[in-house]
Amino acid sequence: DHAPIPSGVRSVRESYVALKIEDTERVQTHMSRVDQWNEDFRLPVDNANEIELVVYDRVGSTQPVPVGLVWIKISDVVEQLEQPAQ
């Protein structure tokens, strides 16, 4: 779900995704009005345990608010990549 747009307010909602590695924000996508961020990032994850993706909404000039969150364990990703293709 997105952050609500207050009734009577003529504003647009823009969203972006912030990527954190070990609680440190490393990169943000551009703002999007259609929830598509066709962007690629290459970030070193040496000695890291998890990646956190947070989706933020901003309505008009308000402060962005988090509306979605997922944690990805790096060991789970590595395990999937190491499995032979079936």
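Since this is a predicted model, take the numbers as computed values, not measurements. Just so you know, the residues in each chain are numbered from 1, in the order the chain's sequence is written. Where local features are concerned, this predicted model is filtered to residues with pLDDT of at least 70; where side-chain atom pairs are given and counted, the filter is 80 or more; whole-chain, interface and lining totals use all residues. As a rule here, side-chain values come from all non-hydrogen atoms in the structure, and water together with hydrogens is ignored.

## Some points on the overall build of the protein chain
Selection criterion: Helix and strand assignments follow DSSP, with helices taken as H or I runs no shorter than four residues and strands as E runs no shorter than two, numbered in order from the N terminus. The globule rule is 2.2 Å times the number of residues to the power 0.38, and the radius of gyration it is compared with is taken over C-alpha atoms. Burial classification: accessible surface area is computed with a 1.4 Å probe over protein chains only, and a residue below 20% of its type maximum counts as buried, one above 50% as exposed, and the rest as partly exposed. Contact between two residues is taken to exist if any of their heavy atoms lie within 4.5 Å; hydrogens are not considered. Positive residues here are Lys and Arg, negative ones are Asp and Glu, while His and the chain termini are left out of the count. To locate a charge, the coordinates of NZ of Lys, CZ of Arg, CG of Asp or CD of Glu are taken.
A tally of regular secondary structure across the protein chain gives 1 helix and 4 strands. Taken from N to C terminus, the helices and strands of the protein chain fall in the order β-β-β-β-α. The globule rule puts the C-alpha radius of gyration for 86 residues at 12 Å, and the 16 Å found for the protein chain is more than 25% above it. Summarising its shape, the C-alpha atoms of the protein chain cover approximately 55 × 30 × 20 Å along the three principal directions. The 86 residues of the protein chain split such that 23% are buried. A separation of at least 24 residues holds for 41% of the contacts in the protein chain among residues at least 6 apart in sequence. If you average the places of the 8 positive and of the 15 negative side-chain charges in the protein chain, the two averages end up 10 Å apart.

## Comments concerning the nonpolar core
Applicable threshold: Definition used in this section: a nonpolar core is a set of buried Ala, Val, Leu, Ile, Met, Phe, Trp, Tyr and Cys residues joined via side-chain atoms within 4.5 Å.
Core analysis: the largest hydrophobic core is formed by 6 residues, namely Leu19, Ile21, Val27, Ala48, Ile51 and Ile74. Ignoring sequence-local partners within four residues, the contact set of isoleucine 51 consists of Leu19, Lys20, Ile21, Val45, Val70, Trp71, Ile72 and Ile74.

## Brief notes about the packing of aromatic side chains
Where two aromatic rings form a pair, the distance of their centres and the angle of their planes describe that pair. Put simply, the rule is: Aromatic pairs are defined between Phe, Tyr and Trp rings, using the six-membered ring for Trp, whenever the two ring centres lie within 6.5 Å; interplanar angles under 30 degrees are classed as stacked, those over 60 as edge-to-face, and all others as tilted.
Using the criterion set out here, one finds 1 aromatic pair in the structure. Their ring planes at 15° and their centres at 5.1 Å tell us that tyrosine 16 and tyrosine 56 sit as a pair that is stacked. Remark: tyrosine 56 occurs in strand 3 (residues 50-59) and tyrosine 16 occurs in strand 1 (residues 13-21); sequence separation between them is 40 residues. Overall, tyrosine 56 belongs to the buried group, its relative accessible area being 14%.

## Looking at the layout of surface pockets
Using the following cut-off: A pocket, in this scheme, is an open set of points on a 1 Å grid over the protein atoms alone with protein on both sides within 12 Å along at least 5 of 7 lines, while a cavity is a set where a 1.4 Å probe fits but cannot get out; residues line either one if an atom lies within 4 Å of a point. Grid points are joined across faces, edges and corners, and a volume is the space filled by probe spheres set on the points. All amino acids are sorted into three groups, where Ala, Val, Leu, Ile, Met, Phe, Trp, Tyr, Cys and Pro are nonpolar, Asp, Glu, Lys and Arg are charged, and the leftover types, Gly among them, are polar.
Considering only enclosed or pocket space, the largest pocket measures out at about 230 Å³ in volume. Along the walls of the largest pocket sit 13 residues, with Leu19, Phe41, Leu43, Ile51 and Leu53 positioned nearest its centre. Elements that contribute at least two residues to the lining of the largest pocket include exactly strand 1 and strand 3. If you tally residues by element for the lining of the largest pocket, the top one is strand 1, at 4 residues. Its residues assigned to classes, the lining of the largest pocket shows 11 nonpolar, 1 polar and 1 charged.

## Points about unusual backbone geometry
Of note, the phi angle at aspartate 23 is positive, near 70°, even though the residue is not glycine. Within the secondary structure, aspartate 23 is located in the loop between strand 1 and strand 2 (24-28). Given the relative accessible area of 62%, aspartate 23 is considered exposed. In the Ramachandran plot, aspartate 35 falls in the positive-phi region, its phi being about 55° despite a non-glycine side chain.

Note that every value here comes from positions in space, so none of it alone points to a role or purpose.
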